[in-house]
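Okay, here's what each chain looks like letter by letter:
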Amino acid sequence: MSNNQKYKWCTYKRDPKSFLLFLSVCLAAFFTMLGLFLIIGYILIKGIPNLTPELFAAKYTSENVSLLPALINTLLITLLSLLFAVPVGIGAAVYLTEYAGKGNKLVSIIGITTETLSGIPSIVYGLFGSLFFVKYLHLGLSLLSGALTLSIMILPLIMRTTEEALRSVPESYREGSFGLGSGKLRTVFSIVLPCAVPGILSGVILGVGRIIGESAALIFTAGTVAEIADNLFSSARTLSVHMYAISGEGIYMNQTYATAVVLLLVVILINGLSGFMAKRIGGKHANG
């Protein structure tokens, strides 16, 4: 036993409460990982044997129950939602963190608003999107209505994570930039934002995960048409809505499990790609 381990054991003997707290934390971590592995294992065991070439046909029919149109629609609606939400969320976070003064009432109001929006159920966003985008703005059940609704849904998440990432940048970086004669705008875009990219991308990844897994809001705004969207005003279903639709019929459960496997792989792929990009960008900035 190493000296560090002996020290920890002696500490736990003197203070049993610390040992119980440590044991509770370890058990919580164990059961969390156990639940995660059980869910992933169950999906893979039930879904992988049902992955067939017919599921990736270009056109959906009641015979092949193809998921390819839904997969393409998922990628399209994800890109559209990020296109709307990321610039607005990052811009708002930059203003609140770098430009708004401390103790500003506007900052506190926006903070309360974003926290409230984060806790609203997705079905409420779907009803809002149905009333505002689909009916009031006459966009109809379309890819655009769904993307706009999802962009509002993930906006608070991107704002909060970006704010935390910007606050984590040491103040000495800003002071050093100002000392070299850089202005506020150049300091923000040349020093602060590049340092905060990994944290910002973490928020974007969480937003992507919520978009890909969303179904309730999209049923009311994007529709359930099992075809690849021709344009922004075409109704289309995503993978999660596709799973909901075919599982509800009760005769395509094997295809539902196979779709769950593809959905899981898409999430893992996007998370891995985003993490790789964050490391590359962070590494370049550190070397520079």
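Conventions we followed
- Residues numbered from 1 in each chain as written.
- Predicted model: local features only at pLDDT ≥ 70, side-chain atom pairs only at ≥ 80, totals over all residues.
- Heavy atoms only, no water.
- Helix = DSSP H or I, 4+ residues; strand = E, 2+ residues; numbered from the N terminus.
- Buried < 20%, exposed > 50% of the residue type's maximum accessible area, 1.4 Å probe, protein only.
- Contact = heavy atoms within 4.5 Å.
- Areas by Shrake-Rupley, 256 points an atom, 1.4 Å probe, with all protein chains shown as cover.
- Lys, Arg positive; Asp, Glu negative; His and termini not counted.
- Charge placed at Lys NZ, Arg CZ, Asp CG, Glu CD.
- Axes fitted to C-alpha atoms, helices over the stretch in contact; angles between N-to-C directions.
- Parallel < 35°, antiparallel > 145°, perpendicular 65-115°, else oblique.
- Left-handed = near helix turned anticlockwise from the far one by under 90°.
- Nonpolar A, V, L, I, M, F, W, Y, C, P; charged D, E, K, R; others polar.
- Expected span 1.5 Å × (residues − 1).
- Bend = angle between axes of the 7 residues up to and from the residue.
- Phe/Tyr/Trp six-rings, centres within 6.5 Å; stacked < 30°, edge-to-face > 60°.
- Lys NZ or Arg CZ within 6 Å of the ring centre and 35° of its normal.
- Polar contact = N/O pair within 3.5 Å; in protein donor to acceptor, adjacent residues only side chain to side chain.
- Salt bridge = Lys/Arg side-chain N within 4 Å of Asp/Glu carboxyl O.

Colleague: Can you tell me about the overall build of the chain, naming the residues and giving the values?
Modeller: If you tally the helices and strands in the chain, you get eleven helices and zero strands. Sequence-ordered secondary structure for the chain, helices as α and strands as β, is α-α-α-α-α-α-α-α-α-α-α. Counting across all 288 residues of the chain, residues that qualify as buried make up 38%. Counted over contacts in the chain with a minimum sequence separation of 6, partners at least 24 positions apart contribute 72%. As displayed, the chain has an accessible area near 16,300 Å², and 69% of this comes from carbon and sulfur atoms. Of the charged side chains in the chain, 20 are positive and 13 negative; the average position of the first set lies 12 Å away from that of the second.

Colleague: Summarise the packing of helix α6 (residues 143-167) against helix α8 (residues 184-213); cite the residues concerned and give the values.
Modeller: Interaxial distance between α6 and α8 falls to 8 Å at its minimum, and their mutual angle equals 150°. The orientation of α6 relative to α8 falls into the category roughly antiparallel. Between α6 and α8 lies a crossing of right-handed hand. Between α6 and α8, the contacting residues are Leu150, Met153, Ile154, Leu157, Ile158, Thr161, Thr162, Ala165 and Leu166 on the first element and Val192, Leu193, Ala196, Gly199, Ile200, Gly203, Leu206, Gly207, Arg210 and Ile211 on the second. Taken together, the residues of the contact of α6 with α8 sort by class into 13 nonpolar, five polar and one charged.

Colleague: Report on helix α3 (residues 68-99), specifying residues and quantitative values.
Modeller: Between its first and last C-alpha, α3 extends 45 Å over 32 residues, near the 46 Å set by a 1.5 Å rise per residue. Along α3, the helix axis deviates most sharply at Ala85, where the bend reaches about 25°; the proline Pro87 sits within four residues downstream.

Colleague: Just give me the short version of the packing of aromatic side chains, but keep the residues and values in it.
Modeller: One pair of aromatic rings is described through two measures. These are the centre distance and the angle between the planes. Scanning the entire structure with this criterion turns up six aromatic pairs. Ring geometry for Phe30 versus Phe31: centroids 5.4 Å apart, planes at 65°, classification edge-to-face. Through a chain of ring-to-ring contacts, three or more aromatic side chains come together here, namely Phe128, Phe132, Phe133 and Tyr136. When the ring centre of Tyr99 is taken as reference, the NZ or CZ atom of Lys184 above it lies at 5.8 Å.

Colleague: Go over the side chain of Thr161 with me, naming the residues and quoting the values.
Modeller: By secondary structure assignment, the location of Thr161 is in helix α6. For Thr161, the side chain forms a polar contact with the main-chain oxygen of Ile158, separated by 3.1 Å. Once residues lying within four places of it in the same chain are set aside, the contact partners of Thr161 are Gly199 and Gly203.

Colleague: Explain the environment of Gly213 residue by residue, including any values.
Modeller: As for its placement among the helices and strands, Gly213 is situated in helix α8. Its relative accessible area of 48% is what places Gly213 among the partly exposed residues. With 146 residues separating them in the primary sequence, Gly213 and Leu67 have C-alpha atoms 15 Å apart.

Colleague: Help me get a handle on the packing of α3 against α6, residues and values and all.
Modeller: Closest axis-to-axis distance for the α3/α6 pair is 6 Å, and the angle between their directions is 40°. When the axes of α3 and α6 are compared, the pair comes out oblique. In terms of crossing hand, the pair formed by α3 and α6 is right-handed. For the contact of α3 with α6, the residue count by class is 23 nonpolar, seven polar and three charged.

Colleague: Give me the pattern of salt bridges: which residues, what numbers.
Modeller: Under the criterion given, the structure shown has seven salt bridges. The shortest N-O distance in the salt bridge between Arg174 and Glu98 comes to 2.7 Å. A residue pair is termed long-range when its members are at least 10 positions apart, and Arg174 in helix α7 (residues 171-179) and Glu98 in helix α3 qualify at 76 residues. Accessibility classification places Arg174 together with Glu98 in one group, the buried group. Taking the shortest distance from any N to any O, the salt bridge between Glu163 and Arg167 comes out at 3.2 Å. Of the two residues, Glu163 and Arg167 are both situated in helix α6; the distance of four residues between them amounts to about one turn of the helix. For Glu163, a relative accessible area of 3% translates into the label buried.

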